[in-house]
Amino acid sequence: MRDQGTQHLAYVALGANLANPVLQVETAGAALARQAGFRLLRLSSLYRTAPVGIRGQPDFINAVAALETELSPADLLEALFAIERQFGRQRTYRNSPRTLDLDLLLYDDRTLVTQRLCLPHPRMHLRAFVIAPLLEIAPDCRIPGRGYAAAWLPAVSRQRIERLTR
């Protein structure tokens, strides 16, 4: 559903740890840039991170994108799931390795809880792989109900994260 004429700002986390994850995330960024229904405003650098709460998996490559959209949060989420499927994403079990993961983090300053979508993303403030790239492209970003994203840096400071150079 489109909100005709009204543009919304959304942030999306990109991540992959299978099938050449650097290429997967770079290609996913390009897919976001050409997707109908929204416009890619900014894409962060790529970051290599250790899996959080998961053992025996390869490191992830992560980034965050800023999008402008007329799509509703639910429709934007569906568009992101469609891109995941194009990249061969299979949801075999919770926290399984993935060719691409696209998480809707923020949509304006909206809070929303449905069976399929929770805004802001409920664990984003506890993940270095979200906070670091988000702050790179939106240093003054606020997380509804949590305050400035930068205030959460101490909470994620022990998580291994490395900014990649292109």
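Residues numbered from 1 in each chain as written. Predicted model: local features only at pLDDT ≥ 70, side-chain atom pairs only at ≥ 80, totals over all residues. Heavy atoms only, no water.

Here we look at the overall build of the chain
Part 1 of the argument: When you go through the chain residue by residue, the secondary structure sums to 4 helices and 10 strands.
Part 2 of the argument: Scanning the chain from its N terminus toward the C terminus, one meets helices and strands in the order β-α-β-β-β-α-β-β-β-α-β-β-α-β.
Part 3 of the argument: A compact globule built from 166 residues should have a C-alpha radius of gyration of about 15 Å, and the chain, at 15 Å, falls within 12% of that.
Part 4 of the argument: When its C-alpha atoms are laid out on the principal axes, the chain stretches across 45 × 35 × 35 Å.
Part 5 of the argument: Expressed as a percentage of its 166 residues, the buried residues of the chain come to 49%.
Part 6 of the argument: Within the chain, contacts between residues at least 6 apart in sequence are counted, and of these 68% link residues at least 24 apart. (Helix = DSSP H or I, 4+ residues; strand = E, 2+ residues; numbered from the N terminus. Rg over C-alpha atoms; globule rule 2.2 N^0.38 Å. Buried < 20%, exposed > 50% of the residue type's maximum accessible area, 1.4 Å probe, protein only. Contact = heavy atoms within 4.5 Å.)

With respect to the pairing of strand S4 (residues 60–69)
Part 1 of the argument: With 9 of 10 residues buried, S4 is to be regarded as a mostly interior element.
Part 2 of the argument: Examined bridge by bridge, strand S1 (residues 8–16) and S4 share 9 bridges and lie antiparallel to one another. Bridge pairing links tyrosine 11 to alanine 66 in S4.
Part 3 of the argument: Bridge analysis of strand S2 (residues 38–43) against S4 gives 5 bridges, and the strand direction is antiparallel. Within S4, the residue paired with arginine 39 across the bridge is glutamate 68.
Part 4 of the argument: In terms of strand pairing, strand S3 (residues 47–49) meets S4 through 3 bridges, oriented antiparallel. Its bridge partner lying in S4, threonine 49 is registered against phenylalanine 60. (Pairing = 2+ DSSP bridges.)

Side note on the nonpolar core
Part 1 of the argument: Counting residues in each nonpolar core, the largest one holds 29 residues, and the members touching the most others are Leu14, Phe38, Leu76, Ile83 and Leu104.
Part 2 of the argument: Mapped onto this core, the elements with two or more residues apiece are S1, helix H1 (21–34), S4, helix H2 (73–86) and strand S5 (101–107).
Part 3 of the argument: No other element matches H2, which puts 6 residues into this core.
Part 4 of the argument: Every residue in contact with phenylalanine 38, bar those within four places of it in the chain, is listed here: Leu32, Leu67, Glu68, Thr69, Leu71, Leu76, Ala79 and Ile83.
Part 5 of the argument: Listed in part, the 17 residues of the second largest apolar core include Ala13, Val64, Phe129 and Leu134. (Core = buried A, V, L, I, M, F, W, Y, C linked by side-chain atoms within 4.5 Å.)

A few points about the environment of alanine 79
Part 1 of the argument: Mapped onto the elements, alanine 79 comes out in helix H2.
Part 2 of the argument: Alanine 79 gets classed as buried once you look at its relative accessible area, which sits at 12%.
Part 3 of the argument: Once residues within four sequence positions are removed from consideration, alanine 79 is found in contact with Gln35, Phe38 and Leu71.

Topic: the pairing of S1
Part 1 of the argument: In terms of residue burial, S1 counts as a mostly covered element, since 8 of its 9 residues are buried.
Part 2 of the argument: Pairing of S1 with S5, which is carried by 6 bridges, proceeds in the antiparallel orientation. Across the sheet, glycine 15 pairs through a bridge with aspartate 101, a residue of S5.

Quick word on H2
Owing to its 3.6 residues per turn, the α-helix aligns residues three or four sequence positions apart on the same side.
Part 1 of the argument: Counted at 1.5 Å a residue, the expected span for H2 with its 14 residues is 20 Å, and the 20 Å between its end C-alpha atoms agrees.
Part 2 of the argument: Those residues of H2 that fall on the buried side of the exposure criterion are Pro73, Leu76, Leu77, Ala79, Leu80, Phe81, Ile83 and Glu84.
Part 3 of the argument: One or two residues past the end of H2 sits glycine 88, with phi positive at roughly 80°. (Expected span 1.5 Å × (residues − 1).)

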